[in-house]
Amino acid sequence: MMPVMKTIRRFTAVVPWLFPAFLAAILILPGGCAVKRRRLIVSLNRPLPPAAATGPASARPAPRPFQSPTEIQVLRLTMPLGTFSANQRVWSLLAHNVAPGKTTALLSANGFRAGTGTFPVWKKIVKLINKPGSTNQRIYCQVNGVRSVALVVRPNVRREILVYHTLPGGLVVRTYRNCDDVILLAAHVNQQIPATIVQIEPAVNLGTVTFRRGPLALGIVQGARPRQRVFTRLRISVAIPPRRFLVIAPANPRGRPLSVGSVFLSRPQRVPSRETVLVFVPMNVR
């Protein structure tokens, strides 16, 4: 037993940084995704340029009858509160027409802010936000177009209060216990544009529900499915061309601390206060 304990002590003394990264991967890892954590903010991965087509059109292979899984790179940035969300120089570089006017207004009322940009724009943004105390995680997801992937942004919540604006004048207050705050990610490639259609919506995971159907039922007769409170009115569906990205950040977390976006993507009550920014980069379209 003593030699084993000495080996463990030597290993933890040599590589103590492995344990925080391993713990973060356990907390963040959603189904269908892989996580890589770094201390400094790095540039976006550039998709490879398209291969040049050779030969006559009749000699080219016919398109496949099925769509391969869509690959989305999600860059999760954690930084001091206001570094990204309150930086007007950053938002001046981004396009804000990611949703219809009513949806954009509803997103803002519920504490979310969204924008799109190009890879060259991202290089400029990095210079504005790459400050001490900022970290990032790369999450690589494969979305099959049948089921969305849940990105956990706040795990193991014992109790939370959410103030949700439904329509102009509509206000709902809800309390949730023993849950996870997640962003549901779905995507598929539209080769006619070409672009990747990325759809995201916030939700609260409340556990799982088991079900059993009668003996005459078709398909799946029993199993388990997640029990979720999905905020469907806050759904964003954006066509992202090659070499562009979509970014989601909290809006006014200090002014609206109980809004969905503030609760999901910020910690204004912590010392020091923090915020989370999600950058979605499609990898399929070349």
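It should be emphasised that the depicted structure is a prediction, and the values quoted were computed from it without experimental measurement. (Residues numbered from 1 in each chain as written. Predicted model: local features only at pLDDT ≥ 70, side-chain atom pairs only at ≥ 80, totals over all residues. Heavy atoms only, no water.)

### A look at the overall build of the chain
Argument step 1. Counting secondary structure elements, the chain contains 6 helices and 12 strands.
Argument step 2. For the chain, with 286 residues in total, the buried portion stands at 42%.
Argument step 3. Across the chain, every contact between residues at least 6 apart in sequence was considered, and the portion connecting residues at least 24 apart equals 74%.
Argument step 4. With an accessible surface of roughly 16500 Å², the chain has 58% of that area assigned to carbon and sulfur atoms. (Helix = DSSP H or I, 4+ residues; strand = E, 2+ residues; numbered from the N terminus. Buried < 20%, exposed > 50% of the residue type's maximum accessible area, 1.4 Å probe, protein only. Contact = heavy atoms within 4.5 Å. Areas by Shrake-Rupley, 256 points an atom, 1.4 Å probe, with all protein chains shown as cover.)

### Looking at a positive patch on the surface
Argument step 1. A surface patch of positive charge is lined by Lys123, Lys124, Lys127 and Arg243.
Argument step 2. Along the chain, the position of arginine 243 falls in the loop between β9 (236-240) and β10 (244-250). (Patch = residues over 30% accessible without salt bridge, like charges linked within 9 Å, V, L, I, M, F, W, Y side chains within 5 Å. Salt bridge = Lys/Arg side-chain N within 4 Å of Asp/Glu carboxyl O. Lys, Arg positive; Asp, Glu negative; His and termini not counted. Charge placed at Lys NZ, Arg CZ, Asp CG, Glu CD.)

### Thoughts on the pairing of β10
Argument step 1. The element β10 is extensively covered by neighbouring structure, given that 6 of its 7 residues are classed as buried.
Argument step 2. As paired elements, strand β3 (residues 112-118) and β10 share 7 bridges and run antiparallel to each other. Bridging from a neighbouring strand, threonine 118 pairs with arginine 244 of β10.
Argument step 3. Bridging between β10 and strand β12 (residues 274-282) involves 3 bridges; their strand directions are antiparallel. (Pairing = 2+ DSSP bridges.)

### What to know about the pairing of strand β2 (residues 70-80)
Each regular strand carries side chains that alternate between the two faces of the sheet.
Argument step 1. Extensive coverage of β2 is indicated by the burial of 9 of its 11 residues.
Argument step 2. Pairing of β2 with strand β4 (residues 135-143) involves 9 bridges; the strand directions are antiparallel. Bridge assignment links valine 74 to a residue of β4, and that residue is isoleucine 139.
Argument step 3. Pairing geometry for β2 and β12, over 9 bridges, is antiparallel.

### Section: helix α5 (residues 119-129)
Argument step 1. Those residues of α5 lying buried are Phe119, Val121, Trp122, Ile125, Val126, Leu128 and Ile129. On an axial view of α5, the arc spanned by its buried residues comes to 160°, and they lie on one face. Across from the buried face of α5, at angles greater than 90 degrees, the exposed residues are Lys124 and Lys127. (Arc of directions from axis to C-beta.)

### Structural notes on the pattern of salt bridges
Argument step 1. Tallied over the full model, the rule gives 3 salt bridges.
Argument step 2. Between arginine 154 and glutamate 160 there is a salt bridge, and its shortest N-O distance comes to 3.1 Å. Side by side, arginine 154 and glutamate 160 carry an identical accessibility label, which is buried.
Argument step 3. For arginine 154, the salt bridge identified is with aspartate 181, shortest N-O distance 3.9 Å. Of this pair, arginine 154 sits in strand β5 (residues 149-165) while aspartate 181 sits in strand β6 (residues 171-190), placing them 27 residues apart in sequence. Assigned by exposure class, arginine 154 and aspartate 181 land together as buried.
Argument step 4. Here the salt bridges share partners, and the residues they tie into one network are Arg154, Glu160 and Asp181.

### A few points about the packing of aromatic side chains
Argument step 1. One pass over the full model with this rule turns up 3 aromatic pairs.
Argument step 2. With a centroid separation of 5.5 Å and 90° between ring planes, the pair formed by phenylalanine 84 and tryptophan 91 is classed as edge-to-face. Residues phenylalanine 84 and tryptophan 91 agree in their burial class; the two are buried.
Argument step 3. Geometrically, the ring pair formed by tryptophan 122 and phenylalanine 245 is edge-to-face, given 5.4 Å between the ring centres and 75° between the ring planes. Residue tryptophan 122 is found in helix α5, and its partner phenylalanine 245 is found in strand β10; the two are separated by 123 residues along the sequence. Across the pair, phenylalanine 245 and tryptophan 122 agree in class, each one buried.
Argument step 4. Its guanidinium or amino end placed over the ring of tryptophan 91, arginine 113 lies 4.3 Å from that ring's centre, counting from NZ or CZ. (Phe/Tyr/Trp six-rings, centres within 6.5 Å; stacked < 30°, edge-to-face > 60°. Lys NZ or Arg CZ within 6 Å of the ring centre and 35° of its normal.)

### Section: helix α4 (residues 101-109)
Argument step 1. Where α4 is concerned, the buried positions are Thr103, Leu106, Leu107 and Ala109. Each buried residue of α4 lies within a common arc of 160° when the element is viewed along its axis, so the set occupies one face.
Argument step 2. Where α4 is buried, its residues contact β3, β5 and β9.

### Some details on the confidence of the model for the chain
Argument step 1. Mean pLDDT over the chain: 80, with 76% of residues reaching 70 or higher.
Argument step 2. Across residues 4-31, confidence stays below pLDDT 50; counting only partners more than four residues off in sequence or on other chains, it has 22 contacts.
Argument step 3. Every residue in residues 47-66 scores below 50 in pLDDT, and together they form 9 contacts with partners more than four places removed in sequence or on other chains. (pLDDT = per-residue confidence, 0-100.)

### Overview of the side chain of threonine 116
Argument step 1. Summarising the element assignment, threonine 116 is placed in strand β3.
Argument step 2. Given the relative accessible area of 10%, threonine 116 is considered buried.

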